[in-house]
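Take a look at the letters that make up each chain.
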Amino acid sequence: MKILCLHVDYIKFKPLKKAIKDVKELPENEKKSREVKEALVVLTAVEKSDDDSEVIEKLVGNIKEIASQVNAKKVVLYPYSHLSKELAPPETAEKILEEAEKNLK
């Protein structure tokens with residue numbers, strides 16, 4: 001797994017269209033534009049070798065450590081495939097990011 005963390009004053013984003021056909025459709029409330037202030041943005045590329053719960057624990061631990069160092073109370077997990085050429089299948093990446101999100105809450 002590769003991550004790139006950015007401590008930002010704010011980030012604005014809006015899902016425009018699905019990048020991959022096989023991912024599930026977003027609920028209507030998640031399709032609108034969002035702005036998150038004072039956040040740690042974690043750009044994440046899940047790789048082929050990332051398929052166990054240890055990877056999730058390590059990701060969550062790293063995020064919590066960095067967030068505490070920069071005093072960020074909010075985290076934005078953002079899939080960012082450009083960080084790796086050895087990407088995991090979309091289903092694996094989705095599962096890992098969803099589990100990481102649950103563990104961070």
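Preceding block: the structure.
Presented here is an overview of the structure given in this document.

Parameters at a glance
- Residues numbered from 1 in each chain as written.
- Predicted model: local features only at pLDDT ≥ 70, side-chain atom pairs only at ≥ 80, totals over all residues.
- Heavy atoms only, no water.
- Patch = residues over 30% accessible without salt bridge, like charges linked within 9 Å, V, L, I, M, F, W, Y side chains within 5 Å.
- Areas by Shrake-Rupley, 256 points an atom, 1.4 Å probe, with all protein chains shown as cover.
- Salt bridge = Lys/Arg side-chain N within 4 Å of Asp/Glu carboxyl O.
- Lys, Arg positive; Asp, Glu negative; His and termini not counted.
- Charge placed at Lys NZ, Arg CZ, Asp CG, Glu CD.
- Helix = DSSP H or I, 4+ residues; strand = E, 2+ residues; numbered from the N terminus.
- Buried < 20%, exposed > 50% of the residue type's maximum accessible area, 1.4 Å probe, protein only.
- Pairing = 2+ DSSP bridges.
- Right-handed = clockwise from strand over helix to strand, strands pointing away.
- Core = buried A, V, L, I, M, F, W, Y, C linked by side-chain atoms within 4.5 Å.
- Contact = heavy atoms within 4.5 Å.
- Polar contact = N/O pair within 3.5 Å; in protein donor to acceptor, adjacent residues only side chain to side chain.

It is worth spelling out a negative patch on the surface at this point. A cluster of like negative charges, contributed by Asp-51, Asp-52, Glu-54 and Glu-57, occupies part of the molecular surface. Looking at the secondary structure, you find Asp-52 in the loop between β2 (34-45) and α1 (53-70). The class of Asp-52 is partly exposed, set by a relative accessible area of 38%.

Looking at the secondary structure, you find Gly-61 in helix α1. Accessibility expressed as a relative area gives 35% for Gly-61, which makes it partly exposed. Each C-alpha atom of the pair Gly-61 and Asn-103 lies 9.7 Å from the other, and the pair is 42 residues apart in sequence.

Below, the discussion takes up the pairing of β2. Strand direction decides the pairing type here: strand β1 (residues 2-13) and β2, joined by 11 bridges, are antiparallel. Residue Phe-13 lies in a different strand from β2, and its bridge partner there is Arg-34. As paired elements, β2 and strand β3 (residues 74-79) share 6 bridges and run parallel to each other. Of the residues in β3, the one forming a bridge with Leu-43 is Tyr-78. Taken together, β2, α1 and β3 constitute a β-α-β crossover, and its handedness is right-handed.

Our focus in this paragraph is the nonpolar core. Counting residues in hydrophobic clusters, the biggest one holds 13 residues, and the most contacted among them are Leu-40, Val-46, Ile-56, Ile-63 and Ala-100. Taken together, the elements giving at least two residues each to this core come down to β2, α1 and α2 (90-104). Once residues lying within four places of it in the same chain are set aside, the contact partners of Ile-56 are Ile-96, Glu-99, Ala-100 and Asn-103. Formed by 7 residues, the second largest nonpolar core is a distinct cluster that contains Val-8, Ile-11, Ala-39 and Leu-43.

What follows is about the side chain of Asp-50. Within the secondary structure, Asp-50 is located in the loop between β2 and α1. Among the polar contacts made by the side chain of Asp-50, one reaches the main-chain amide nitrogen of Glu-47 at a distance of 2.8 Å. Beyond its immediate chain neighbours, meaning those up to four positions away, Asp-50 contacts Met-1, Ala-45, Val-55, Thr-92 and Ile-96.

Let us now look at unusual backbone geometry. With glycine set apart, most residues show a phi of negative sign, and most peptide bonds adopt trans. You will see that Glu-38, though not glycine, has its phi angle at about 45°, which is positive. Residue class for Glu-38 comes out partly exposed when judged on its relative accessible area of 44%. Residue Asn-71 is not a glycine yet carries a positive backbone phi of 60°. Looking at the secondary structure, you find Asn-71 in the loop between α1 and β3.

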